[in-house]
Amino acid sequence: MAETKTILRALAGESQAVPPIWMMRQAGRYLPEYRATRAQAGDFLSLCYNPELAAEVTLQPIRRYGFDAAILFADILLLPQALGAELWFVTGEGPRLSTLTTEAEFEALKPAEAVHETLNPVYETVRILSRDLPAETTLIGFAGAPWTVATYMVAGRGTPDQGPAHKLKDENPALFDRLIARLEEGTVEYLSRQVDAGAEVVKIFDSWAGSLRGADFDRYALEPCRRITAALKARHPGLPVIGFPRGAGERYEGFAQATGVDCVALDDGVTPEWAAEHVQKDGCVQGNLAASHMVTGGEALVEETRRIVRAFSGGPHIFNLGHGITPDADPDNVQRMIDTVRGG
Ligand code: CP3
């Protein structure tokens, strides 16, 4: 049977007159219904580990806007937690983890196969979603890329420049490489179970890839993504993979070919015209409207949306933001973006 889901068609390389659309962080604090369910769960992590409520918040933006894809509601930091790191969220500040900078702290981590014990509720969320999503909606699973997850594990929190992870990789590359390898194995385990449970596409979020330069970009962003993609495709032939090396700039060029991903997600640090010429020539791209338009709205939102649709109209494209929507966004601006993409 010919594929009818618009997202899967784009990932297979098809250009469509109206590009399919979804939005990073589409289930999030800008939506009053999300805030209500999160309050019901108690806190963010309890929401992530409650399959019924996590499925509910995943479905909320699908009901409200009819996006072409739903992204599993979870977080990239659940994997380090499943490997044995402590994890908690400080309201208004962000994530906190136990730090990892020594051999002893690395040795205390669990093996990759042990992650399922903690992550089973996430797979249950995927099963509920694959049962309850509308037939035309694609279900996307995800994980963080090893480098990005490592930046949080080493520092114990988000940092402006990922300094602690850079320091560890430069001062103790042997230890850092072992950490990356464990995260790769854990990520393959985690994503593979999401696919078994019903995820149709997986996305690898490398939010801090842009802080890696030169050979470091190859070693810590490109190579792990290539190995994870190869391992997943060996286990699940035909599985579409989206890579998101955020901030990669000119290193977006060639990323799909070097890693084997089916689609490269673009942040708004590159223009759609440049990306159409240098990235989309190799296959599907996703992106890349600046998330700030969801706050500011107006004619600029409509013009930029049209510009992106036009620039990528010659090849396979999934419309998205360049990064996650922020809590101060106006839900009406999201509708305006969707209407512009679908209606011209
Ligand atoms: O996109 C989606 O709707 C799916 C769910 C999703 C979340 N986080 C939910 C979330 C996804 C795909 C992520 C990915 C994620 N998590 C990334 C990579 C993408 C990116 O944004 O760069 C990163 C770096 C994280 C780690 C993380 N989680 C941070 C730094 C924070 C705090 C910052 C913030 O926005 O509050 C989170 C919390 C988080 N993850 C929230 C949501 C909806 C907000 C938590 C809340 O409800 O209080």
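Here, the structure is the one placed above.
Residues numbered from 1 in each chain as written. Predicted model: local features only at pLDDT ≥ 70, side-chain atom pairs only at ≥ 80, totals over all residues. Heavy atoms only, no water.

(A) Inspection of the overall build of the protein at higher detail. In terms of helices and strands, the protein carries 16 helices and 9 strands. Compactness check: the protein gives a C-alpha radius of gyration of 19 Å against a globular reference of 20 Å for 344 residues, within 12% of the reference. Seen through its C-alpha atoms, the protein measures out along the principal axes to roughly 55 × 45 × 45 Å. In the protein, which comprises 344 residues, the share counted as buried stands at 57%. Here the analysis covers contacts within the protein between residues at least 6 apart in sequence; of these, 74% occur between residues at least 24 apart. Looking at the protein as shown, the accessible area adds up to about 13,500 Å², and 49% of this sits on carbon and sulfur atoms. Taken together, the 33 basic and 46 acidic charged side chains of the protein have centroids lying 1 Å from each other. (Helix = DSSP H or I, 4+ residues; strand = E, 2+ residues; numbered from the N terminus. Rg over C-alpha atoms; globule rule 2.2 N^0.38 Å. Buried < 20%, exposed > 50% of the residue type's maximum accessible area, 1.4 Å probe, protein only. Contact = heavy atoms within 4.5 Å. Areas by Shrake-Rupley, 256 points an atom, 1.4 Å probe, with all protein chains shown as cover. Lys, Arg positive; Asp, Glu negative; His and termini not counted. Charge placed at Lys NZ, Arg CZ, Asp CG, Glu CD.)

(B) How the structure looks around the packing of helix α8 (residues 146-155) against helix α10 (residues 173-197). One way to put it is that α8 packs onto α10 with a least axis distance of 9 Å and a crossing angle of 120°. One way to sum up the angle between α8 and α10 is to call them oblique. With respect to the hand of their crossing, α8 and α10 are arranged in right-handed fashion. Across the interface between the two elements, Pro-146, Trp-147, Val-149, Ala-150, Met-153 and Val-154 from α8 touch Phe-176, Leu-179, Ile-180, Leu-183 and Glu-184 from α10. (Axes fitted to C-alpha atoms, helices over the stretch in contact; angles between N-to-C directions. Parallel < 35°, antiparallel > 145°, perpendicular 65-115°, else oblique. Left-handed = near helix turned anticlockwise from the far one by under 90°.)

(C) Examining the nonpolar core more closely. Among the nonpolar cores identified, the biggest contains 123 residues, and Val-334 and Met-337 are the most heavily contacted of them. Residue contributions to this core peak at 10 residues, all from α10. Those residues in contact with Val-334, other than ones at most four positions away along the chain, are Met-23, Tyr-30, Tyr-65, Phe-67, Met-294 and Ile-325. (Core = buried A, V, L, I, M, F, W, Y, C linked by side-chain atoms within 4.5 Å.)

(D) Spotlight on the sheet that holds strand β9 (residues 317-321). Within the open sheet, the 7 strands sit side by side as β1-β4-β5-β6-β7-β8-β9. Their pairing is parallel. The sheet is open, and its two edges are formed by β1 (69-71) and β9, each paired on a single side. If you compare each strand with its neighbour and ignore which way they point, the axes differ by 25° on average. Here β1 runs beside strand β4 (residues 138-144); their pairing, made up of 3 bridges, is parallel. Looking across to β4, one finds that Ile-71 is bridged to Ile-140. Helix α15 (residues 298-311) rests against β8 (284-289) and β9 of the sheet, and its axis sits at about 165° to β8. (Pairing = 2+ DSSP bridges.)

(E) Region of the structure containing the pairing of β8. Within β8, 6 of the 6 residues are buried, which leaves it mostly tucked inside the rest of the structure. As paired strands, strand β7 (residues 263-265) and β8 are joined by 3 bridges and run parallel to one another. In the sheet register, Cys-263 faces β8, and the bridge partner there is Cys-284. In this region the chain leaves β7, passes through helix α13 (residues 272-278) and returns to the parallel neighbour β8; the handedness of that crossover is right-handed. As paired strands, β8 and β9 are joined by 5 bridges and run parallel to one another. Of the residues in β9, the one forming a bridge with Gly-287 is Phe-319. (Right-handed = clockwise from strand over helix to strand, strands pointing away.)

(F) Spotlight on the packing of aromatic side chains. For the structure on display, the rule yields 11 aromatic pairs. The interplanar angle of 35° and the centroid separation of 6.4 Å between the aromatic rings of Trp-147 and Tyr-220 together place this pair among those described as tilted. Of this pair, Trp-147 sits in helix α8 while Tyr-220 sits in helix α11 (residues 214-235), and the two are 73 residues apart along the sequence. Since its relative accessible area comes to 0%, Trp-147 is described here as buried. We classify Tyr-220 as buried; its relative accessible area is 2%. (Phe/Tyr/Trp six-rings, centres within 6.5 Å; stacked < 30°, edge-to-face > 60°.)

(G) Seen up close, the site of the ligand. Looking at the ligand, there are 22 residues lining it, with Arg-25, Tyr-34, Arg-38, Asp-75 and Ser-207 nearest. Contacts to the ligand include Arg-29, whose side-chain N or O atom sits 2.7 Å from an oxygen atom. One of the side-chain nitrogen or oxygen atoms of Tyr-34 is found 2.5 Å away from an oxygen atom of the ligand. Across the complex, the protein chains shield 87% of the 860 Å² of accessible surface that the ligand would expose by itself. In terms of residue class, the shell around the ligand is built from 15 nonpolar, 3 polar and 4 charged. (Near = heavy atom within 4 Å. Polar contact = N/O pair within 3.5 Å; in protein donor to acceptor, adjacent residues only side chain to side chain. Nonpolar A, V, L, I, M, F, W, Y, C, P; charged D, E, K, R; others polar.)

(H) Spotlight on the state of the cysteines. If you walk through the whole model with that rule in mind, you get 0 disulfides. With no disulfide of its own, Cys-263 lies closest to Cys-284 among cysteine sulfurs, the gap being 3.7 Å. (Disulfide = S-S within 2.5 Å.)

(I) View of α15. Taking 1.5 Å of rise per residue, 14 residues should cover 20 Å, and α15 covers 21 Å from first to last C-alpha, within 8% of that figure. Along α15, the residues classified as buried are Leu-301, Val-302, Thr-305, Ile-308 and Val-309. Within α15, the buried residues cover an arc of 135° as seen down the axis, which keeps them to one side. Where α15 is buried, its residues meet α13, β8, α14 (293-296), β9 and α16 (331-343). (Expected span 1.5 Å × (residues − 1). Arc of directions from axis to C-beta.)

(J) The environment of Val-57, seen in detail. Tracing the backbone shows Val-57 in helix α4 (residues 51-65). Contact partners of Val-57, with chain neighbours within four places excluded, come to Ala-27, Tyr-34, Thr-37, Leu-47 and Phe-73.

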